[in-house]
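# Architecture and fold: a report
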Amino acid sequence: ETGVTQTPRHLVMGMTNKKSLKCEQHLGHNAMYWYKQSAKKPLELMFVYNFKEQTENNSVPSRFSPECPNSSHLFLHLHTLQPEDSALYLCASSQKAGDSNEKLFFGSGTQLSVL
Amino acid sequence: SQKIEQNSEALNIQEGKTATLTCNYTNYSPAYLQWYRQDPGRGPVFLLLIRENEKEKRKERLKVTFDTTLKQSLFHITASQPADSATYLCALVAGGGADGLTFGKGTHLIIQP
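Residues numbered from 1 in each chain as written. Chains lettered and ligands numbered in written order. Predicted model: local features only at pLDDT ≥ 70, side-chain atom pairs only at ≥ 80, totals over all residues. Heavy atoms only, no water.

## Some thoughts on the nonpolar core
Residues B:Leu21, B:Leu33, B:Trp35, B:Phe75, B:Ile77, B:Tyr88 and B:Leu109 are the most contacted members of the largest nonpolar core, which totals 24 residues. Look past the residues within four positions of B:Phe75 in its chain and what remains in contact with it is B:Ala19, B:Thr20, B:Leu21, B:Trp35, B:Leu47, B:Leu62, B:Lys63, B:Val64 and B:Tyr88. Listed in part, the 22 residues of the second largest apolar core include A:Met13, A:Met32, A:Leu76 and A:Leu81. (Core = buried A, V, L, I, M, F, W, Y, C linked by side-chain atoms within 4.5 Å. Buried < 20%, exposed > 50% of the residue type's maximum accessible area, 1.4 Å probe, protein only. Contact = heavy atoms within 4.5 Å.)

What follows is the structure, given as structure tokens:
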């Protein structure tokens, strides 16, 4: 157990649905991240939050909307997704973003299928 | 543009031998480099971090080297075991002062008994 919990583990949704992914970390970290992992592609950084403030948004389409109410919780709200958005969505946390010892602790991910 | 390349999609090694994985990068000047292990259906797990002023780092059967001149890191697993079979990812801090890590595609290592 890494101390980072993601729910749900699997999600199937239609293109018109609205759903949310949840991430919770029990490590006392101050930074949280969303990554997307598609088959045969490297992990893609989507969003970074440091002390609840969003510090990175890597040109992610607006159909993905992150929310970080506190340093322990991170959400990814999904609406009107496309089939190419099907992927493994990984949440991670670290002590502090931008720190020289920025080791990431990942959850097990949500495997998303968009039909 | 910045790029991280890992040496092959799959690497087959016989049990007991040393596995060597390569990570090359371009258009980066990283202060440190990290290696992660990822098992199917799981998130990556941190293994080792090596700084630019360190030539080598060891942890049990793992050894990492970092050559900033060649822009390359080598990851070695000695006395490899079937349980070492996984995908190994190298990661660098994102460029331009941005937060977060940028990952390579990973090398899928298979240790055959």
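## Comments concerning the interface of chain A and chain B
The interface of chain A with chain B comprises 25 residues on the first partner and 21 residues on the second. Taken over both partners, the interface formed by chain A and chain B buries close to 1,800 Å², and the fraction arising from carbon and sulfur atoms is 51%. Linking chain A to chain B there are zero salt bridges. At the boundary of chain A with chain B, the tally comes to eight residue pairs in polar contact (both at pLDDT 80 or more). Counting residues per element, the ones that place at least two in the side of chain A that touches chain B are strand E4 (31–37), strand E5 (44–50), strand E6 (53–57) and strand E9 (87–94) of chain A. Ranked by residues supplied to the side of chain A that touches chain B, first place goes to E4(A) with three residues. Tallied by class, the residues present in the side of chain A that touches chain B amount to eleven nonpolar, seven polar and seven charged. (Buried area = accessible area lost by both parts, 1.4 Å probe. Salt bridge = Lys/Arg side-chain N within 4 Å of Asp/Glu carboxyl O. Polar contact = N/O pair within 3.5 Å; in protein donor to acceptor, adjacent residues only side chain to side chain. Helix = DSSP H or I, 4+ residues; strand = E, 2+ residues; numbered from the N terminus. Nonpolar A, V, L, I, M, F, W, Y, C, P; charged D, E, K, R; others polar.)

## Focus on the side chain of A:Gln25
Residues and elements named next belong to chain A. You can see Gln-25 is positioned in strand E3 (residues 18–25). Of the residues examined, Gln-25 reaches a relative accessible area of 3% and is grouped as buried. In terms of polar contacts, Gln-25 uses its side chain to reach the backbone amide nitrogen of Leu-27, at 2.9 Å. Polar side-chain contacts of Gln-25 include one of 2.8 Å to the backbone oxygen of His-29. If sequence neighbours within four positions are ignored, Gln-25 has contacts with Gly-3, Val-4, Met-32, Ser-71, Ser-72 and Ser-93.

## Focus: the confidence of the model for chain B
In this model, chain B carries a mean pLDDT of 91, and residues with pLDDT of at least 70 account for 96%. Least confident of the elements in chain B is strand E10 (residues 101–103) of chain B, whose mean pLDDT is 90; most confident is strand E8 (residues 72–77) of chain B, at 97. (pLDDT = per-residue confidence, 0-100.)

## As for the sheet that holds strand E8 (residues 73–79) of chain A
Neighbouring strands of a sheet are bound in pairs by backbone hydrogen bonds; such pairs are parallel or else antiparallel. Residues and elements named next belong to chain A. Read from one edge to the other, the open sheet built from four strands follows the order E1-E3-E8-E7, with strand pairing classed as antiparallel. Bordering the open sheet on either side are strand E1 (4–7) and strand E7 (64–70), each of which pairs with just one other strand. Averaged over neighbouring strand pairs, the angle between their axes works out to 15 degrees when direction is ignored. Judged from the seven bridges that link them, E3 and E8 form a sheet pairing that is antiparallel. For Lys-22, the partnering residue across the bridge sits in E8 and is Phe-75. (Pairing = 2+ DSSP bridges. Axes fitted to C-alpha atoms, helices over the stretch in contact; angles between N-to-C directions.)

## Describing the state of the cysteines
Overall, the coordinates contain two disulfides over all chains when judged by the stated rule. Residue pairing for A:Cys23: its cysteine sulfur links by disulfide to A:Cys91, the two sulfurs lying 1.9 Å apart. The sign of the -75 degrees torsion about the S-S bond sets the A:Cys23-A:Cys91 disulfide as left-handed. In this pair, A:Cys23 sits in strand E3 while A:Cys91 sits in strand E9, placing the two residues 68 residues apart along the sequence. Note on accessibility: A:Cys23 and A:Cys91 belong to one class, buried. Covalently, B:Cys23 is tied to B:Cys90 through a disulfide, its sulfur atoms 2.0 Å apart. As the torsion about the S-S bond is roughly 60 degrees, the B:Cys23-B:Cys90 disulfide counts as right-handed. Here B:Cys90 lies in strand E9 (residues 86–93) and B:Cys23 lies in strand E3 (residues 19–26), a separation of 67 residues in the sequence. Given a relative accessible area of 0%, B:Cys90 falls into the buried group. No disulfide involves A:Cys68; its nearest neighbouring cysteine sulfur is the one of A:Cys91, lying 9.0 Å away. (Disulfide = S-S within 2.5 Å.)

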